[in-house]
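Listed below are the residues making up each chain.
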Amino acid sequence: MIKKQFKAESKKLMDLMINSIYTNKEIFLRELISNASDALDKLYFRSLTDSTVGLTKDEFVIRIDIDKDARLIKIADNGCGMTETELENNLGTIAKSGSLAFKTENEKTEDVDIIGQFGVGFYSAFMVSDKVEVVSKPYGAEKAFRWTSEGADGYTVEECEKNSFGTEITLYIKADTESEKYSTYLEQYKIEALVKKYSDYIRHPIKMQVETERLKDGSEDEFETIVEDKILNSRVPIWKKNKNEVTEEEYTAFYTDKFYDYEAPVKVIHSKTEGNATYNALLFIPKHPPFDYFSKDFEKGLQLYSRGVLIMDKCKELLPDYFSFVKGLVDSEDLSLNISRETLQNDGQLKLIAKTIEKKIRTELKKMLNNEREAYEEFFKNFGLQLKFGIYNSYGMNKDDLKDLIMFKSTLEKKYVTLEEYVERAGESQDVIYYACGETVEKIDMLPQMDAVKEKGYEVLYLTEYVDEFCIKMLAEYEGKRFQNICDENLDLDTEEEKNAIKEKNEKSKDALQFIKESLDGDVSGVRFTNKLKTYSVCLTSEGGISLEMEKVLNAMPNDNKVKAEIVLEINASHPVADKIISLYENDKKDELKDYAKLLYAQGCLISGVSVKDPAELSRIISDLMVK
Ligand code: ADP
C-alpha cells in the first residue's frame with residue numbers, strides 16, 4: 001500500500017507536538033472524546049428528522065476499552081462516521097481547525113503550551129501513541145475504511161470490515177521512558193479520572209468496563225471481582241447545573257476547551273431565565289480578542305442548543321454587534337429543533353431571548369465597572385471600541401444603553417473616567433463637557449487651546465480613537481451637558497469684560513485681519529484675535545459641524561466626496577506677533593505681511609497635525625527671514 005504524506009502544515013504541527021517536551025499529554029483523551037461526542041451529536045440531530053436512524057437518545061454511546069497487556073486504548077462511538085474521503089481530508093490535514101491559524105500567526109513565540117490549550121484534536125493521540133488506527137463506517141454506508149499512521153511520516157487508508165456504523169480509534173500506547181510513564185494511561189483509575197476532569201459534561205454516556213471489588217453476597221470477609229459497564233461521566237451539561245455546583249476551574253476548562261482560548265475568561269455569566277423566554281445561558285467575556293477578531297472572517301454568535309442538542313454553532317441573531325466579543329451558548333426548551341437560518345430570523349422566541357441576553361450582558365458589564373474597576377478597564381482597552389461603535393451605529397439607536405459603559409482618559413489624572421464621573425466632578429456651574437481630539441494624549445496636551453482650558457481648571461476628555469468624536473457627536477449631550485470640542489471656534493472661556501475687549505480689538509484691526517485672510521487664498525474662513533491662547537502665537541479652530549479631526553478621519557476613508565472643515569486662524573491677542581501684524585499693515589508693508597500670514601497659518605497647520613500646503617514656499621519664507 002502506498003504511504004501518503006500529511007499536508008505540510010499538519011506535518012509541521014505534528015512534529016512539534018510529538019517531539020516537544022509537552023507536559024500535558026493527558027489531554028489526548030479529552031480531544032478524542034470530544035470528537036466522538038460531536039460525531040454522536042451529528043447523527044443524533046439527523047435522527048430527529050430521519051426515523052430510519054432508529055436509535056433513542058441514550059443509545060448514542062462512547063465506549064472506552066483498555067487492554068493493558070497489548071498496551072491498547074480503544075475509543076469507539078456510534079456516531080456519524082467518516083467516508084474514505086473524509087478520513088483523508090479530516091485526518092490528513094489539520095489546517096481547518098482554529099488552532100493552526102493561531103499557531104501560524106504567533107509562529108515566532110514558539111509557545112509550545114499553546115498546542116494543548118487550544119485543542120489540537122485528533123493529532124494529540126500521537127503524544128502518547130506509537131501508532132494510531134481509525135476504523136470508520138459512515139451511517140448508511142456499505143464500506144468501512146481503516147486509516148493507519150505511525151506519526152509524522154505519513155498514513156495509509158484501506159478498506160476493512162466493520163459491523164456497525166461509527167468510528168473506532170485504537171491507540172498503540174508508547175513504551176515507558178525515564179521521564180514519562182505512558183503505562184498510567186492503561187490504568188482504569190487514570191482513565192476514569194481523566195474523563196471526570198475533562199469530559200464530565202459530555203452529554204452522551206462514556207462507558208467503560210470496570211472491575212470492582214465487592215463483598216460476596218452473605219459474606220463478611222470474602223470479596224469477589226465484578227466486571228460491569230460503568231458510565232464515567234455525570235453528563236449534565238455544565239450550563240444546566242446550578243451556579244453553586246460549578247467551580248471556577250470547571251467554567252474555565254469548559255470555556256478554553258470549547259471556545260479555543262488559552263486564557264481564562266474575565267467574566268462568566270451563567271443564568272437561568274424563566275418566564276416569557278425560558279433558557280439557560282452560559283456566556284463568557286474573553287480576556288483578549290480572539291486572533292481573528294479584527295479580520296473579516298470573524299463571525300460573532302452564540303451556540304444555540306435546543307434541549308441539550310446543538311442546533312447552530314454561531315447564531316448571530318443572539319448578539320448585537322457591539323457585544324460581538326461575547327462567547328458562549330444558549331439552551332432553550334422553547335425552540336423547535338428543525339429550525340433553520342431562515343426561520344430563525346423571524347422567530348419571536350429567539351428575538352425575546354436575544355433581547356434579554358443583551359440586557360444581561362449590559363448589566364454584568366455595569367456591575368463589573370462599579371465593582372471591579374481594574375478588570376473593567378482591561379476589558380475596555382480590548383473591547384471599548386466596539387461599544388463606541390455601538391453608540392454611533394444604527395443612528396444612535398442604542399446610545400442610551402451604552403453611554404454609561406464607555407470611558408475616556410482625562411486631563412485630571414490621565415486615567416479612564418466615565419461620563420458620569422466627569423459630570424459629577426464638573427458640578428452644576430459647568431454646563432459643558434470639554435473634549436479634545438488627537439492621535440495620542442501627548443499630542444493633545446500640546447494643542448494650543450489646551451493651556452487656557454487647563455488654566456481655568458476644567459477637566460478635558462482625551463479622544464484618541466478615530467471613532468471617538470463621531471460617538472460623542474451622536475450622544476450630543478450627557479445629563480444635560482453638551483459636549484464641547486476645545487478646538488471649536490465657539491469655545492467660550494472669557495468673562496464679559498474679556499469678551500468685550502477682544503471684540504473691540506478685532507473690530508479695530510478688521511482691515512488687517514481681512515488682508516491676512518485674503519493672503520491665504522481661501523484656506524481659512526476667518527482670521528481673528530483670541531484670548532484663549534497662552535504661550536502659543538496661533539491656533540486653528542473649526543466652525544460648523546466638522547472638526548479638523550473629523551476631516552482627517554473622513555478623508556482617510558475611500559470616498560470621492562472629500563469634506564472640508566471650516567477653519568478659523570486665531571491669533572493670540574497678547575502675543576507680540578499681534579502687534580507686529582498691526583504695525584506692518586499700518587506701515588503698508590503688504591508683501592511682508594503676506595508672507596507672515598502664510599507663516600502663521602503654516603504654524604497652525606503644523607500644531608494641529610495637518611500637512612502644510614506648500615512646503616517649498618514655506619521654506620523660502622523662512623530662509624528669507626533668516627537672512628534679513
Ligand atoms: P477538530 O475537532 O478541531 O475539527 P480534529 O483533528 O480533532 O479537529 O478532527 C478533525 C475532523 O475529523 C473533525 O472535525 C471531524 O470531522 C472528524 N472526526 C474526528 N473524529 C471523528 C469521529 N470520532 N467521528 C467522526 N468524525 C470524526
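Everything here concerns the structure above.
Please read all numbers here as calculations on a predicted model, not as lab measurements. (Residues numbered from 1 in each chain as written. Predicted model: local features only at pLDDT ≥ 70, side-chain atom pairs only at ≥ 80, totals over all residues. Heavy atoms only, no water.)

What's the story with the site of the ligand in this structure? I'm lost.
Every one of the 13 residues lining the ligand counts as a neighbour, but Asn35, Asp77, Asn90, Gly121 and Phe122 are closest to it. With respect to the ligand, the side chain of Asp77 contributes an N or O atom lying 3.0 Å from a nitrogen atom. Contact between the ligand and Asn90: an oxygen atom at 3.3 Å from a side-chain N or O atom of the residue. Starting from 540 Å² of accessible surface for the ligand in isolation, the protein chains cover 83%. (Near = heavy atom within 4 Å. Polar contact = N/O pair within 3.5 Å; in protein donor to acceptor, adjacent residues only side chain to side chain. Areas by Shrake-Rupley, 256 points an atom, 1.4 Å probe, with all protein chains shown as cover.)

Explanation requested: the packing of helix H20 (residues 590–608) against helix H21 (residues 615–627) in the structure shown.
H21 packs onto H20 with a crossing angle of 115° between their chain directions and a minimal axis gap of 10 Å. Our pair here, H20 against H21, has a crossing hand that is left-handed. On the side of H20, the interface is formed by Asp595, Tyr596, Lys598, Leu599 and Ala602, while H21 contributes Glu617, Leu618, Arg620, Ile621, Ile622 and Leu625. Considered class by class, the residues forming the contact of H20 with H21 number seven nonpolar, no polar and four charged. (Axes fitted to C-alpha atoms, helices over the stretch in contact; angles between N-to-C directions. Helix = DSSP H or I, 4+ residues; strand = E, 2+ residues; numbered from the N terminus. Left-handed = near helix turned anticlockwise from the far one by under 90°. Contact = heavy atoms within 4.5 Å. Nonpolar A, V, L, I, M, F, W, Y, C, P; charged D, E, K, R; others polar.)

Would you explain a nonpolar patch on the surface in this entry?
Taken together, the side chains of Ile622, Met626 and Val627 define a hydrophobic patch exposed on the protein surface, amounting to about 340 Å² of accessible area. Position of Ile622 among the secondary structure elements: in helix H21. (Patch = residues over 30% accessible without salt bridge, like charges linked within 9 Å, V, L, I, M, F, W, Y side chains within 5 Å. Salt bridge = Lys/Arg side-chain N within 4 Å of Asp/Glu carboxyl O.)

Any chance you could explain the sheet that holds strand E6 (residues 166–173) here in plain terms?
Backbone hydrogen bonds hold the strands of a sheet together, and the pairing may be parallel or antiparallel. Across the sheet, which stays open at both edges, the eight strands sit in the order E5-E4-E3-E6-E2-E1-E7-E8 with mixed pairing between neighbours. Either end of the sheet is taken by a strand with one partner, and the two such strands are strand E5 (155–160) and strand E8 (223–231). Across the sheet, the axes of successive neighbouring strands diverge by a mean angle of 20°, strand direction being ignored. Pairing geometry for strand E3 (residues 129–137) and E6, over eight bridges, is antiparallel. Of the residues in E6, the one forming a bridge with Val135 is Glu168. Contacts between helix H3 (residues 84–92) and the sheet are confined to E3, strand E4 (144–149) and E5, with E5 contributing the most and set at about 160° to the helix. (Pairing = 2+ DSSP bridges.)

Could you clarify how one ought to interpret helix H14 (residues 448–455) in this entry?
One turn of the α-helix equals 3.6 residues, which is why residues spaced by three or four share an orientation. Within the sequence span of H14, burial applies to Pro448, Gln449, Met450, Ala452 and Val453. Packed against the buried residues of H14 are strand E16 (432–437), helix H13 (441–445), strand E17 (460–463), strand E21 (538–543) and H20. Positive phi appears at Gly457, one or two residues downstream of H14, with a value of about 85°. (Buried < 20%, exposed > 50% of the residue type's maximum accessible area, 1.4 Å probe, protein only.)

Mind showing me how you'd approach the side chain of Ser129 here?
If you trace the backbone, Ser129 turns up in strand E3. A residue is classified by how much of its surface remains accessible, and Ser129, at 3% relative accessible area, is buried. Setting aside residues up to four positions removed in sequence, Ser129 forms contacts with Leu171, Tyr172, Ile173 and Lys174.

Please explain the sheet that holds strand E15 (residues 416–418) as it appears in this structure.
Taken together, the six strands give an open sheet; going across it, the order is E15-E14-E17-E16-E19-E18, and neighbouring strands pair in mixed fashion. With one partner strand each, in any of the chains shown, E15 and strand E18 (477–478) form the two edges of the open sheet.

Sorry if this is basic, but what is going on with the pairing of strand E9 (residues 267–273) here?
On a regular strand, one side chain projects to one face of the sheet and the next to the other, so that they alternate. Bridge analysis of E9 against strand E10 (residues 279–285) gives seven bridges, and the strand direction is antiparallel. Within E10, the position partnered with Thr273 by the bridge is Tyr279. The turn joining E9 and E10, which pair antiparallel and follow one another in sequence, is formed by five residues; a positive phi near 120° is taken by Gly275.

When you look at the state of the cysteines in this model, what are you seeing that I'm missing?
Here a disulfide denotes a covalent bond joining the sulfur atom of one cysteine to the sulfur atom of another. What the rule picks out here adds up to zero disulfides. Here Cys160 stays free of any disulfide, with the sulfur of Cys80 as its closest cysteine sulfur at 16 Å. Cys605 carries a free sulfur, and the closest cysteine sulfur to it, the one in Cys539, is 12 Å from it. (Disulfide = S-S within 2.5 Å.)

I tried to follow the packing of aromatic side chains on my own but got confused; where do I start?
In this description, a pair of aromatic rings is defined by centroid distance and the angle of the planes. A complete count under the given rule lists 29 aromatic pairs for this structure. A centroid spacing of 5.1 Å and a plane angle of 90° characterise the contact between Tyr139 and Phe165, whose relative ring orientation is edge-to-face. Here Phe165 lies in the loop between E5 and E6 and Tyr139 lies in the loop between E3 and E4, a separation of 26 residues in the sequence. Judged by its relative accessible area of 17%, Tyr139 is buried. An angle of 25° between the planes, with centres 6.3 Å apart, marks the rings of Tyr376 and Phe380 as stacked. Residue Tyr376 and its partner Phe380 are both found in helix H10 (residues 373–392); the two are separated by four residues, about one turn of the helix. (Phe/Tyr/Trp six-rings, centres within 6.5 Å; stacked < 30°, edge-to-face > 60°.)

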